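Here is how the chains run, residue by residue.
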Amino acid sequence: MTGVRVCAFSELVQDEPRRVEIEGVPIALVRDSNDEVFAIGDTCTHGDISLSEGFVEGDTLECWAHGSAFSLRTGKPLNLPAYEPVPVYGVEIDGDDVLIDINVKKEN
């Protein structure tokens, strides 16, 4: 994978989303309790709300505005009001570097 370095792994706080942007694409970056890193689209599909301002619970990221929770693995919403998935991007850890490839989208 040829990704863009967005931050150091050591800068990510467990279960605390972080917003990054690559080529104008907003991305919510999450380091979970197993130290796995996920990158999903940062904009809730229900409203124009930044998901990185939301809450991590298990393997989901919940929108703070209306409560829709999105799977960090698939991008699928797990409850209403959102019904459209957010994109999920490829993540690679290289040493302490977190790389994201916005051209590698995982299937929802």
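Above this text sits the structure in question.
As the structure is a prediction and not an experimental result, all values here were calculated from the model. (Residues numbered from 1 in each chain as written. Predicted model: local features only at pLDDT ≥ 70, side-chain atom pairs only at ≥ 80, totals over all residues. Heavy atoms only, no water.)

A. Here's a closer look at the sheet that holds strand E6 (residues 60–62). Strand order in the open sheet formed by 3 strands is E5-E6-E7, and the pairing between neighbours is antiparallel. The sheet terminates laterally at strand E5 (55–57) and strand E7 (69–71), the two strands that pair on one side only. For this sheet, the mean inter-axis angle between neighbouring strands, taken without regard to orientation, is 30°. Judged from the 3 bridges that link them, E5 and E6 form a sheet pairing that is antiparallel. Within E6, the residue paired with Val56 across the bridge is Leu61. (Pairing = 2+ DSSP bridges. Helix = DSSP H or I, 4+ residues; strand = E, 2+ residues; numbered from the N terminus. Axes fitted to C-alpha atoms, helices over the stretch in contact; angles between N-to-C directions.)

B. Structural detail: the sheet that holds strand E1 (residues 4–8). Taking strand neighbours across the sheet as the criterion, the 6 strands line up as E1-E9-E8-E4-E3-E2 in an open arrangement whose pairing is antiparallel. The open sheet has two edge strands with one neighbour each: E1 and strand E2 (18–22). Taken over all neighbouring pairs, the strand axes of this sheet differ in orientation by 35° on average, direction set aside.

C. Spotlight on the nonpolar core. The biggest cluster of nonpolar side chains holds 15 residues, and the ones touching the most others in it are Ile40, Cys44, Leu51, Leu61, Phe70 and Leu72. At the level of secondary structure, the elements contributing two or more residues to this core comprise strand E3 (25–31) and strand E4 (37–41). In terms of nonpolar packing, the next biggest core, distinct from the first, is built from 14 residues, Cys7, Ile27, Leu29 and Ile102 among them. (Core = buried A, V, L, I, M, F, W, Y, C linked by side-chain atoms within 4.5 Å. Buried < 20%, exposed > 50% of the residue type's maximum accessible area, 1.4 Å probe, protein only.)

D. Structural detail: the pattern of salt bridges. What the rule picks out here adds up to 6 salt bridges. Measuring nitrogen to oxygen at the nearest pair gives 3.1 Å for the salt bridge that ties Asp42 to Arg19. Of this pair, Asp42 sits in the loop between E4 and E5 while Arg19 is found in strand E2, placing the two residues 23 residues apart along the sequence. The salt bridge involving Asp35 is made with Arg31; its shortest N-O contact spans 2.9 Å. Owing to a relative accessible area of 15%, Arg31 belongs among the buried residues under this scheme. Bridged by salt links that share partners, the residues Arg19, Glu21 and Asp42 form one connected network. (Salt bridge = Lys/Arg side-chain N within 4 Å of Asp/Glu carboxyl O.)

E. Focus on unusual backbone geometry. In this model, Leu80 is joined to Pro81 through a cis peptide bond whose omega is 15°. Of note, Pro81 is situated in the loop between E7 and strand E8 (88–94). Although it is not a glycine, Glu23 adopts a positive phi angle of roughly 50°. On the secondary structure map, Glu23 appears in the loop between E2 and E3. A residue is classified by how much of its surface remains accessible, and Glu23, at 72% relative accessible area, is exposed. Here Asp35, not a glycine, exhibits a phi torsion of approximately 65°, which is positive. If you trace the backbone, Asp35 turns up in the loop between E3 and E4. Judged by its relative accessible area of 37%, Asp35 is partly exposed.

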